[in-house]
Amino acid sequence: MNVYDSLKSVKFNIIEGDRVTVEDFWDKDCSIFKKERIYLIKSGTAWMFLKGKKIFLEPNKLYFIPSYSVLYGKTLSQLEHYFIHFEFESDGVDIFSLFHLINEVPASQEDEYFLDKLLELMKMSSYSPQVQLQENGIMQILLSKFLTSLEFNDENALRINTTLNYINDNIGRTITLEELAERHHLNPVYFSHLFKQVVGVSPSQYILNKRISYATMLLSRPEKSIAEIAELAGFSDPMYFSRIFKIKTGMPPQAFRKSLKANNTK
């Protein structure tokens, strides 16, 4: 099966969804979103700190938030919005890395129709094949809106996907560019160029992002010290880990952990 076939065969599981109006959507609370999320903002404004940058939530825009994202923000006014929380199965292919999903796109009138239809389907029997096919089709349409138009090479994507799986399986130890290139019998410079062409970031940046994502999950475990978490996430120097973590998430590890704990006790 090639990557395109894997993309078409992705199975979505809708966890929850609704159309709501809230006043305290966020108030700088730190959260780890364990499921993928899609928002459509109808009215009001808010901001969120995601992937090291501040993103404003505005009316008539769609937003995609990947699973295990570190996120905090603040509602600036009453916020009316749709939300869908979901997970997916993709036959071992790292869909979101290979297909360059971006975080925000303009919404169209059909998006509201699709979301209303999705909420309607969620009230029906989840065991109905008809319902599951319709839900899957709508989710494919919605996610397609976040894809960039970068040139795609299926052969290269399959090659790089094996590298992504290898990185994920070995995130706690040192991984070098030379090691990754050797696995494909390629020159390191050429491999790095190929990796960035497919994934959108360099191998080192991808590895760093994965280490930080893994560390955010570990920080929810109070029995682990910051130094232990740094080591488990592949950082040999706890001070360097703390500095990079703050750059990537907006706060140092200890403050992030305290924010998580406060948020979970509300």
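Everything that follows concerns the structure shown earlier in this document.
Here we summarise the structure given alongside this text. Since we're looking at a predicted model, the values are computed, not measured. (Residues numbered from 1 in each chain as written. Predicted model: local features only at pLDDT ≥ 70, side-chain atom pairs only at ≥ 80, totals over all residues. Heavy atoms only, no water.)

1. Topic: the pairing of strand β3 (residues 36-43)
So, point 1. For β3, the buried fraction is high: 6 of the 8 residues fall into the buried class.
So, point 2. In terms of strand pairing, β3 meets strand β8 (residues 79-89) through 7 bridges, oriented antiparallel. Residue pairing for β8: I38 is matched across the bridge by I84.
So, point 3. Bridge count between β3 and strand β6 (residues 61-65): 5 bridges; the pairing is antiparallel. Note that in β6 the partner of I41 across the bridge is K61. (Buried < 20%, exposed > 50% of the residue type's maximum accessible area, 1.4 Å probe, protein only. Helix = DSSP H or I, 4+ residues; strand = E, 2+ residues; numbered from the N terminus. Pairing = 2+ DSSP bridges.)

2. A closer look at helix α10 (residues 238-249)
So, point 1. Between its first and last C-alpha, α10 extends 16 Å over 12 residues, near the 16 Å set by a 1.5 Å rise per residue.
So, point 2. Among the residues of α10, those classed as buried are F241, I244, F245 and T249. Axial view of α10: buried residues confined to an arc of 110 degrees, hence all on one face. The exposed set on the far side of α10, more than 90 degrees from its buried face, consists of M239 and I247.
So, point 3. Capping of α10 at its N-terminal end is provided by D237; its side-chain oxygen lies 3.0 Å from the backbone amide nitrogen of M239.
So, point 4. Taken from the residues just after α10, G250 is the one with a positive phi, measuring 95 degrees. (Expected span 1.5 Å × (residues − 1). Arc of directions from axis to C-beta. Polar contact = N/O pair within 3.5 Å; in protein donor to acceptor, adjacent residues only side chain to side chain.)

3. Here's the deal with helix α4 (residues 129-144)
So, point 1. With 16 residues, α4 should cover 22 Å at 1.5 Å per step; its first-to-last C-alpha distance of 22 Å lies within 8% of that length.
So, point 2. Taken residue by residue, α4 has V131, E135, N136, I138, M139, L142 and L143 as its buried positions. Projected down its long axis, α4 carries its buried residues within an arc of 165 degrees, all on one side. Exposed residues pointing more than 90 degrees away from the buried face of α4 are listed as P129, Q130 and L133.

4. Here we look at the pairing of strand β4 (residues 46-50)
So, point 1. In terms of residue burial, β4 counts as a mostly covered element, since 5 of its 5 residues are buried.
So, point 2. The two faces of β4 match: A46, M48 and L50 on one face and W47 and F49 on the other face are all buried.
So, point 3. As paired elements, β4 and strand β5 (residues 53-57) share 5 bridges and run antiparallel to each other. Bridging from a neighbouring strand, F49 pairs with K54 of β5.

5. Section: the nonpolar core
So, point 1. Counting 23 residues, the largest nonpolar core has I38, I84, F86, M139, L142, L143 and F146 as the members making the most contacts within it.
So, point 2. Within the residue set of this core, elements represented by two or more residues are β1 (11-22), β3, β6, β8, α3 (109-122) and α4.
So, point 3. Setting aside its immediate chain neighbours within four residues, I38 contacts L62, Y63, F64, Y82, F83, I84, F86, M139, L142, L143 and F146.
So, point 4. Counting residues in hydrophobic clusters, the runner-up holds 19 residues, among them F49, I212, A215 and L218. (Core = buried A, V, L, I, M, F, W, Y, C linked by side-chain atoms within 4.5 Å. Contact = heavy atoms within 4.5 Å.)

6. Some details on the sheet that holds β1
So, point 1. A sheet is described by the order of its strands in space; here 5 strands give the open sequence β1-β8-β3-β6-β9, paired in antiparallel fashion. Single-partner strands in this sheet number two, and they are β1 and β9 (104-106). With direction set aside, neighbouring strand axes in the sheet form an average angle of 20 degrees.
So, point 2. Sheet analysis places β1 next to β8, joined by 11 bridges and oriented antiparallel. Bridge pairing links V20 to H81 in β8.
So, point 3. This element, α3, spans β1, β3, β6, β8 and β9 of the sheet and lies at about 65 degrees to β8.
So, point 4. Contacts from α4 reach β1, β3, β6 and β8 within the one sheet, and its direction differs from that of β1 by about 70 degrees. (Axes fitted to C-alpha atoms, helices over the stretch in contact; angles between N-to-C directions.)

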